[in-house]
Number of protein chains: 2
Amino acid sequence: MKTIRASIIGFGSVGRGVARTLIQKEDEIKKAGFEVKVVGIADSSSGIVDPDGLDLEEILKHKDSTGRVSEERLSGIEIIENIEHELVIETTPSDIQTGGVGLENMRMAFSKGRDVITSNKGPLALRFSELINYAKANGSKFLYEATVGGAMPILNLVRETLAGNEIKSIQGILNGTCNYIISRMMEEKAPYEQMLAEAQELGIAETDPTYDVEGIDTASKLVIIANSVFGMDVNYHDVDVTGITKITPEALMLAHDEGYAVRLIGEVKDGTLKASPRLVPLDHPLAVGGTLNVAYIQTDLAGDITVSGLGAGSIETASAILSDIMSLYRER
Amino acid sequence: MKTIRASIIGFGSVGRGVARTLIQKEDEIKKAGFEVKVVGIADSSSGIVDPDGLDLEEILKHKDSTGRVSEERLSGIEIIENIEHELVIETTPSDIQTGGVGLENMRMAFSKGRDVITSNKGPLALRFSELINYAKANGSKFLYEATVGGAMPILNLVRETLAGNEIKSIQGILNGTCNYIISRMMEEKAPYEQMLAEAQELGIAETDPTYDVEGIDTASKLVIIANSVFGMDVNYHDVDVTGITKITPEALMLAHDEGYAVRLIGEVKDGTLKASPRLVPLDHPLAVGGTLNVAYIQTDLAGDITVSGLGAGSIETASAILSDIMSLYRER
């Protein structure tokens, strides 16, 4: 059986979800004709390596009790550079301003000819074509289903399941936090601030919600879709973005009376990218509530395909990463 | 470039849709690293072969004007037996009683070691495990996305995009005709017979609607899902089936007042298969209207995934067949 040596760089909720998933799905992965041996793990302050394979249970326990994966100061990029392995699972937090450490990690991985599977939107929203070309030039594979829509399958769906179709447009609800807040504003006829506070209490919105509610997260995902599915060469600054902070319950009720819901819709169509609150007919597939993500894909042959699923969550995002791992390495 | 020699057996609306799609998507297929050369085509009364590749445009014209693909009496099974080719695209009509000519075609294809891609539910709903095992024993590949849900991706979605997930249950609206009739009965507060007549006028229901409205079509698709996704070994007779003919508009309105829609739901769960009218909350992903097909997939990692699309149509079904062709032969 083929052994894929992997590192997990970033050991927050997603990275730990990946580790748990690799433990849980060891048999399923073997059934697909390979095994994954994790030879390096790093969080922001420490790292640990073992060319013979790390004990994931042990490291998860250590991280839970100490907040670190080890007592050794070893960075992700050092692991990527110096330890022999095939796959870098890059799960550091998104930095949409500069691409952050994730961008450096990916560049290093490609320079060493390693494959990269990531949940980190920042580098892709800023430097998609550079990264894709760099990966290609070094013979590295590069997959990033987890950057868009969590467990909602979209990139792999278009690539595998809709193969051969021309994709005409994609519209989607790509941020569960915004969708929760808008849905609840309508249900409770309550102002934005009140439902934001509720979402924060429930852990659905962050203490600083800017990234979600200003549409930045939606725009980042849209850029990844545009580059990946439509072969465009755009970055985050090419998106026309409006967030949800100016929406009033009165506007939502007015729309509802006319048979519409208001949703923060990301759209790639006719070469332009737009993320903004839009009116959606109440019986349209995009008019979902709660924290769901949904994508509405218009194609030339298959007609209109809608897919929805949970857009966030540690295990759900790890599931998208597992889907990429399977896609890259399984026997066919 | 790899050349895949193919036959199209059955040249009704799906077979012709496949031919048109192969013409239209020649470049996309080449981009995936192979080309498809159709070396044989048969309908129910005639056949035509050319080891150097048939002129699909020409044959489509001939079929349109004469109702036959050629003037030669040559059967599908003769083509499958005697012409050298890799792939049989089996698009003859479904026979749910005996499996019909489709079953014989598939057996012959596997006996010659050829791959089969099909839209023909009958043989799979009756003799799934026999066919799968026979294909395996002969080194043949066997894909059948088009048998379930037309362009709505479900089998490939589960296999490729949700790879590694345990599928806990699948519920779906798998028959667009029934869904159209029930949706319209509610909208118009009209009896079954009236909306059936409307559906027949629009070409959505057949003159003899039994196969759709009695739930037979839904049950057949369910069997294919159960065998394929859940690894069960069941056939059409193992499904508990109730159709939609006894539903009254009064029952629909009563349900609606309580916040429910009535839908013909096919369900595979806990090892049992059931196709019957069920109450679905109005805001549930399964509560779609019109001729859409939808599947609601419960998984262990990815949570609940919903996918919907057009369940029928010549080009939509051909799209599912193209998706299988890409999945089998493309370069990775």
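Residues numbered from 1 in each chain as written. Chains lettered and ligands numbered in written order. Predicted model: local features only at pLDDT ≥ 70, side-chain atom pairs only at ≥ 80, totals over all residues. Heavy atoms only, no water.

Description of the pattern of salt bridges
Residue and element names in this part refer to chain A.
Then comes step 1: Considering all chains together, one arrives at 34 salt bridges over all chains under this definition.
Then comes step 2: The closest approach of N and O atoms between Arg127 and Glu130, which form a salt bridge, is 3.0 Å. Residue Arg127 and its partner Glu130 are both found in helix H6 (residues 121–137); the two are separated by three residues, about one turn of the helix.
Then comes step 3: Take Arg127: its relative accessible area is 37%, and that puts it in the partly exposed class. (Salt bridge = Lys/Arg side-chain N within 4 Å of Asp/Glu carboxyl O. Helix = DSSP H or I, 4+ residues; strand = E, 2+ residues; numbered from the N terminus. Buried < 20%, exposed > 50% of the residue type's maximum accessible area, 1.4 Å probe, protein only.)

Overview of the sheet that holds strand S10 (residues 272–281) of chain B
Then comes step 1: Taking strand neighbours across the sheet as the criterion, the 12 strands line up as S8(A)-S10(A)-S9(A)-S7(A)-S11(A)-S12(A)-S12(B)-S11(B)-S7(B)-S9(B)-S10(B)-S8(B) in an open arrangement whose pairing is mixed. Both outer strands of the open sheet, strand S8 (240–241) of chain A together with strand S8 (240–241) of chain B, are each paired with one neighbouring strand and no more.
Then comes step 2: Looking at chain direction, strand S11 (residues 292–299) of chain B and strand S12 (residues 304–310) of chain B are connected through seven bridges and run antiparallel. Across the sheet, Ala295 of chain B pairs through a bridge with Val307 of chain B, a residue of S12 of chain B.
Then comes step 3: Relative to strand S9 (residues 260–269) of chain A, helix H8 (residues 176–188) of chain A is tilted by about 155 degrees, and along the sheet it contacts strand S7 (167–173), S9 and strand S11 (292–299) of chain A. (Pairing = 2+ DSSP bridges. Contact = heavy atoms within 4.5 Å. Axes fitted to C-alpha atoms, helices over the stretch in contact; angles between N-to-C directions.)

Some remarks on the environment of Ala163 of chain A
Then comes step 1: Considering the arrangement of structural elements, one finds Ala163 of chain A in the loop between helix H7 (155–161) and S7.
Then comes step 2: For the pair Ala163 of chain A and Tyr144 of chain A, spaced 19 residues apart in sequence, the C-alpha separation works out to 18 Å.

Some words on the domain arrangement of chain A
Residues and elements named next belong to chain A.
Then comes step 1: Domain parsing of chain A yields domain 1 (2–151 + 314–329) and domain 2 (164–309).
Then comes step 2: Taking only C-alpha atoms, the centre of domain 1 and the centre of domain 2 are 28 Å apart.
Then comes step 3: Between domain 1 and domain 2, the residue contacts involve 12 residues of the former and 16 residues of the latter.
Then comes step 4: As a salt-bridge pair, Lys121 and Asp217 come within 3.5 Å of each other at their nearest N and O atoms.
Then comes step 5: Inspection of the region where domain 1 meets domain 2 yields four residue pairs in polar contact (both at pLDDT 80 or more).
Then comes step 6: Per-class residue counts for the side of domain 1 that touches domain 2 are seven nonpolar, four polar and one charged. (Domains from an automatic or database assignment. Polar contact = N/O pair within 3.5 Å; in protein donor to acceptor, adjacent residues only side chain to side chain. Nonpolar A, V, L, I, M, F, W, Y, C, P; charged D, E, K, R; others polar.)

Brief notes about the nonpolar core
Then comes step 1: With 106 residues, the main nonpolar core has Phe142, Leu273 and Ile297 of chain A together with Phe142, Leu273 and Ile297 of chain B as its most contacted residues.
Then comes step 2: Not counting chain neighbours up to four residues away, the residues in contact with Ile297 of chain A comprise Leu157, Val158, Leu162, Ile167, Ser169, Ile170, Gly303, Asp304, Ile305 and Val307 of chain A. (Core = buried A, V, L, I, M, F, W, Y, C linked by side-chain atoms within 4.5 Å.)

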